[in-house]
Amino acid sequence: MTAPHLLVTRARHLADTLLAPHAERVDQEGVPASHLTEIRRSGLLGLNAPKEYGGAAAPAEVVRETAEILAGACCSTWFVQTQHHTPVLTLARSEGPVRDRLLGPLARGELLSGVAYAHLRAYPRVPVRVTRERDGWRFDGTVPWYTGWGLNDVMLLAGVTDAGEALFAFTESREQPGLRASRPLRLAALTAARTVSLDLDGFRLPEEAVALRTPLDRWAAADRTKAVSASPAVFGLAEAALTLLDEDTAAPFRARLTEVRGRAYALADHPVPDERLEERLSLRIQSYELLRAATTAAVVAGGGRSMLLTSRAQRLAREGLFLLVQGQTPESRAAHLDALTGGPR
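Here is what the cut-offs are and how they apply
- Residues numbered from 1 in each chain as written.
- Predicted model: local features only at pLDDT ≥ 70, side-chain atom pairs only at ≥ 80, totals over all residues.
- Heavy atoms only, no water.
- Helix = DSSP H or I, 4+ residues; strand = E, 2+ residues; numbered from the N terminus.
- Rg over C-alpha atoms; globule rule 2.2 N^0.38 Å.
- Buried < 20%, exposed > 50% of the residue type's maximum accessible area, 1.4 Å probe, protein only.
- Contact = heavy atoms within 4.5 Å.
- Expected span 1.5 Å × (residues − 1).
- Phe/Tyr/Trp six-rings, centres within 6.5 Å; stacked < 30°, edge-to-face > 60°.
- Disulfide = S-S within 2.5 Å.
- Core = buried A, V, L, I, M, F, W, Y, C linked by side-chain atoms within 4.5 Å.
- Axes fitted to C-alpha atoms, helices over the stretch in contact; angles between N-to-C directions.
- Parallel < 35°, antiparallel > 145°, perpendicular 65-115°, else oblique.
- Left-handed = near helix turned anticlockwise from the far one by under 90°.
- Pairing = 2+ DSSP bridges.

Draft legend 1. Molecular detail of the overall build of the protein chain. Each helix and strand in the protein chain was counted, giving 13 helices and 8 strands. For the protein chain, whose C-alpha radius of gyration is 20 Å, the value lies close to the compact-globule estimate of 20 Å for 345 residues. Overall size of the protein chain, expressed as C-alpha extent along the three principal axes, is 65 × 45 × 45 Å. The burial tally for the protein chain puts 53% of its 345 residues in the buried class. When contacts within the protein chain are restricted to residue pairs at least 6 apart in sequence, those whose partners lie at least 24 apart make up 73%.

Set out below in structure tokens:
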């Protein structure tokens, strides 16, 4: 039997000794900086970073397995740290000076990054407009969701230019002239991840902060594969819910989970990422239905105790609701609603 990857072993150790034992408290009080300190020390922030910059360049199956482990142990902590991996990948593909300035510190866990780009999926609405100003760029508008405020060191901020480009640039994750954060949002789940909205009013960044400029339709085409693919976090959360059931009750759920996960990951490894999109989306929806059933079963098994905020079952059920809409696009929403109502509307 092949030994598990070092980062899988470290993720499992963190999950078993730190994240899972404190997950209900974190859910109510917030992700502590100490949790993220241990994530930084573990090397998990460099999971998909190039080795020459201090990262692990881990294979896809390791990336998925660590996500399952962390999400199943403490979804709030997983969600804060998972934001970090897109900035790392963006910098790894960048040719700008910001790559050499930030990729090493991000890969080594010296800096933690958040992301402020999901609003690009709202196009043709443009929540954040970017305009050229002399030797830099001006950002105006509202970022509806930004996770990790007060925990992240930097953020990857995106908007749409007048030329129809998606522009991504890095800045410090703090209030600055032209950038103001709301109070932390109270959410049904993952309030602990410290999510705010950001108001941008003439916020300026220099050209050297830019990591990527690309036609918006090209970015959207690449993003579409993510939006139709099943999330490892969904499988990790479902696995956690099944541990709250007796083996006879859990067995049929676990068999179904193994089947759906296997098919979803096989497609994720398909050499052509934009093929079989309908099948990918179908499996994403099936993973949601499996998660809903598993977390509901955990609540039922727990009886009245499941209504206590100290109950793991109710926390997992609420986190499952969050994962239903995380990374959602109009197309994935419509397909999910069609499945729930029994056919096209």
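After presenting the structure, the write-up continues.
Draft legend 2. Broad picture of helix α4 (residues 60-73). An ideal rise of 1.5 Å per residue puts 20 Å on 14 residues; α4 measures up with 20 Å between its terminal C-alpha atoms. With 10 of 14 residues buried, α4 lies mostly within the body of the structure.

Draft legend 3. Highlighting the environment of S197. Residue position: S197 is located in strand β7 (residues 195-206). Between the C-alpha atom of S197 and that of R180, which follows or precedes it by 17 residues, the distance is 8.5 Å. When neighbours within four sequence positions are excluded, S197 is seen to be in contact with V143, P144, R180, A181 and S182.

Draft legend 4. Layout of the packing of aromatic side chains. The full count for this structure, using the stated rule, is 8 aromatic pairs. Centroid distance F139 to F203: 6.4 Å. Interplanar angle 50°. Geometry classified as tilted. Remark: F203 occurs in strand β7 and F139 occurs in strand β3 (residues 136-147); sequence separation between them is 64 residues. Owing to a relative accessible area of 1%, F203 belongs among the buried residues under this scheme. When the centroid spacing of 5.6 Å and the interplanar angle of 85° are considered together, the rings of F235 and Y265 count as edge-to-face. Taken together, the residues F235 in helix α9 (residues 232-242) and Y265 in helix α10 (residues 247-268) connect sequence positions 30 residues apart. No difference in accessibility class separates F235 from Y265, as the two residues are buried. Through pairs of rings, three or more aromatic residues link up here, namely W78, F79 and F322.

Draft legend 5. Fine view of unusual backbone geometry. Between Y123 and P124 the backbone carries a cis peptide bond, its omega angle lying at 20°. The backbone of L190 shows a phi angle near 65°, a positive value even though the residue is not glycine. Within the secondary structure, L190 is located in the loop between β6 (179-181) and β7. Relative accessible area serves as the criterion here: at 1%, L190 is assigned to the buried category.

Draft legend 6. The arrangement of the state of the cysteines in detail. Considering all chains together, one arrives at 0 disulfides under this definition. The structure places no disulfide on C75, whose sulfur is separated from the nearest cysteine sulfur, that of C74, by 7.7 Å.

Draft legend 7. Quick look at the nonpolar core. The biggest cluster of nonpolar side chains holds 63 residues, and the ones touching the most others in it are L44, W78 and L323. Setting aside chain neighbours within four positions, we find W78 in contact with A67, L70, A71, A233, L323 and Q326. Grouped together as the second largest cluster of nonpolar side chains are 22 residues, Y53, L102, Y117 and W219 included.

Draft legend 8. The side chain of T90, seen in detail. If you trace the backbone, T90 turns up in helix α6 (residues 85-92). Each residue touching T90, except ones within four places of it in the same chain, is listed here: L156, A211 and L212.

Draft legend 9. Summary view of the packing of α4 against α9. Direction vectors running N to C along α4 and α9 enclose 50°, while the axes themselves pass 7 Å from each other. One way to sum up the angle between α4 and α9 is to call them oblique. The way α4 lies across α9 gives a crossing that is right-handed. Residues R64, A67, E68, A71 and G72 of α4 pack against P232, A233, F235, G236, L237 and A240 of α9.

Draft legend 10. Highlighting the packing of helix α11 (residues 277-302) against helix α12 (residues 312-325). Packing of α11 against α12 brings their axes to within 8 Å, and their N-to-C directions diverge by 160°. Classified by the angle their axes make, α11 and α12 are roughly antiparallel. In terms of crossing hand, the pair formed by α11 and α12 is left-handed. Counting all contacts with α11, which are made through Y288, L291, T295, A298 and V299, the residues of α12 involved are A313, Q314, L316, A317, G320, L323 and L324.

Draft legend 11. Region of the structure containing the side chain of S113. Mapped onto the fold, S113 is located in strand β1 (residues 113-116). What makes S113 buried here is its relative accessible area of 0%. Dropping the residues within four chain positions of it, S113 is found in contact with Q83, H84, P87, L106, N152, V154, M155, L156 and F170.

Draft legend 12. Region of interest: α6. Turning to α6, its buried residues are H85, P87, V88, T90 and L91. The elements touched by buried residues of α6 are α5 (75-82), α7 (97-107), β1, β4 (154-161), β5 (165-172) and β8 (210-215).

Draft legend 13. Summary view of the pairing of β1. The alternating pattern of β1 places S113 and V115 on one face and G114 and A116 on the opposite face, and all of these are buried. As defined by bridge partners, β1 adjoins β4 across 4 bridges and the pair is classed as parallel. Note on β4: the bridge partner recorded for S113 is V154.

The analysis is restricted to geometry; functional conclusions fall outside its scope.
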